[in-house]
Amino acid sequence: MSSDFEGYEQDFAVLTAEITGRIGKVPKLLGDEKKQMVANVEKQLEEARELLEQMELEVREIPAQSRGMYSSRMRSYKQEMGKIEADFKRSRIAYSDEVRNELLGDDGNSSENQRAHLLDNTERLERSSRRLEAGYQIAVETEQIGQEMLENLSQDREKIQRSRERLRETDANLGKSSRILTGMLQRIIQNRILIVILAIIIFFTILMAIYFSVKRH
């Protein structure tokens, strides 16, 4: 899983570098060339978002003990993505002002006022977006912590079950050993009884032999 994540990382780094370079070119272009550049950047931003989603899915599949490092890297990538989107918004606002001025013929003062108003609104939107992003990150981290806790509980439950199974096996083995020892003791007792009986028979046989021997003489 980590190899897939690192592959997505490399793609994301290359893609964001291209996006940053193209965003820097937007204010310098004119007409159709600028429109095409804006469209290309929007397309690449969508690709970058999809890469982030894939990376986040990969992080969720990584074992809990190794996930912290990848989660930290994901947060930095999301922050980088937010900065790139903010830069693109600013360049796009400048582009929109330019197009509107060309179409409506607004004077310089009106354009500056509208631009300032739009920038102010953009900053507010960015602040709201950052707050939403922070809330989303907290929710994701909370979900990850919950998943880690569930995984730990599941692992503890499996350990307890394995311990119980080992205890049952130990009890069964002890029962078998007890039965074996009982059988051995019974056989030992039986053997001793047989030995005593044989000794008594031999003793009486010897006595009878002595008795008949003496009686003949």
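Only a predicted model underlies this, so the values are computations on that prediction, with no experimental measurement involved.

Asks: Explain the UniProt feature "transmembrane region" (unreviewed entry) in the chain here, please?
Replies: Per the UniProt record, "transmembrane region" (unreviewed entry) is annotated on residues 193–214. Across residues 193–214 one finds 100% helix and 0% strand; the C-alpha atoms that close the span lie 32 Å apart.

Asks: Looking at this structure, I do not really get the UniProt feature "coiled-coil region" (unreviewed entry) in the chain. What am I missing?
Replies: UniProt's feature table lists "coiled-coil region" (unreviewed entry) at residues 31–65, given in the numbering used throughout. Along residues 31–65 one finds 94% helix and 0% strand; the C-alpha atoms at either end are 53 Å apart.

Asks: When you look at the pattern of salt bridges in this model, what are you seeing that I'm missing?
Replies: In a structure, side chains of opposite charge can pair up when their charged atoms sit close to one another. Using the criterion set out here, one finds six salt bridges in the structure. Across the pair R73 and E9 runs a salt bridge, and its minimum N-O distance is 2.5 Å. Taken as a pair, R73 in helix α3 (residues 64–104) and E9 in helix α1 (residues 2–25) lie far apart in primary sequence, 64 residues in all. For E9, a relative accessible area of 10% gives the class buried. Where E56 meets K78, a salt bridge forms, and the shortest distance between an N and an O atom there is 3.4 Å. Placement of the pair is E56 in helix α2 (residues 31–61) and K78 in helix α3, with a sequence separation of 22 residues. Of the residues examined, E56 reaches a relative accessible area of 11% and is grouped as buried.

Asks: Sorry, what's going on with a nonpolar patch on the surface here?
Replies: Among the surface-exposed residues, I189, I193, L194, I197, L198, I201, I202, I206, I210 and V214 lie close enough to one another that they form a single nonpolar patch of about 950 Å² accessible area. With respect to the element layout, I202 can be found in helix α4 (residues 108–216).

Asks: Would you mind showing me how to read the environment of K35 here?
Replies: Mapped onto the fold, K35 is located in helix α2. Considering only alpha carbons, one finds K35 and R92, 57 residues apart in sequence, at a separation of 9.9 Å.

Asks: Hey, could you run me through the packing of aromatic side chains in this one?
Replies: Remark: the centre distance and the inter-plane angle together describe each pair of aromatic rings, the angle taken between the planes. For the coordinates displayed, the defined rule picks out four aromatic pairs. Seen from their ring centres, Y211 and F212 are 5.4 Å apart, and the 70 degrees between their planes marks the pair as edge-to-face.

Thresholds, definitions, all that
- Residues numbered from 1 in each chain as written.
- Predicted model: local features only at pLDDT ≥ 70, side-chain atom pairs only at ≥ 80, totals over all residues.
- Heavy atoms only, no water.
- UniProt positions renumbered as here; feature names shortened; annotations may be inferred.
- Helix = DSSP H or I, 4+ residues; strand = E, 2+ residues; numbered from the N terminus.
- Salt bridge = Lys/Arg side-chain N within 4 Å of Asp/Glu carboxyl O.
- Buried < 20%, exposed > 50% of the residue type's maximum accessible area, 1.4 Å probe, protein only.
- Patch = residues over 30% accessible without salt bridge, like charges linked within 9 Å, V, L, I, M, F, W, Y side chains within 5 Å.
- Areas by Shrake-Rupley, 256 points an atom, 1.4 Å probe, with all protein chains shown as cover.
- Phe/Tyr/Trp six-rings, centres within 6.5 Å; stacked < 30°, edge-to-face > 60°.

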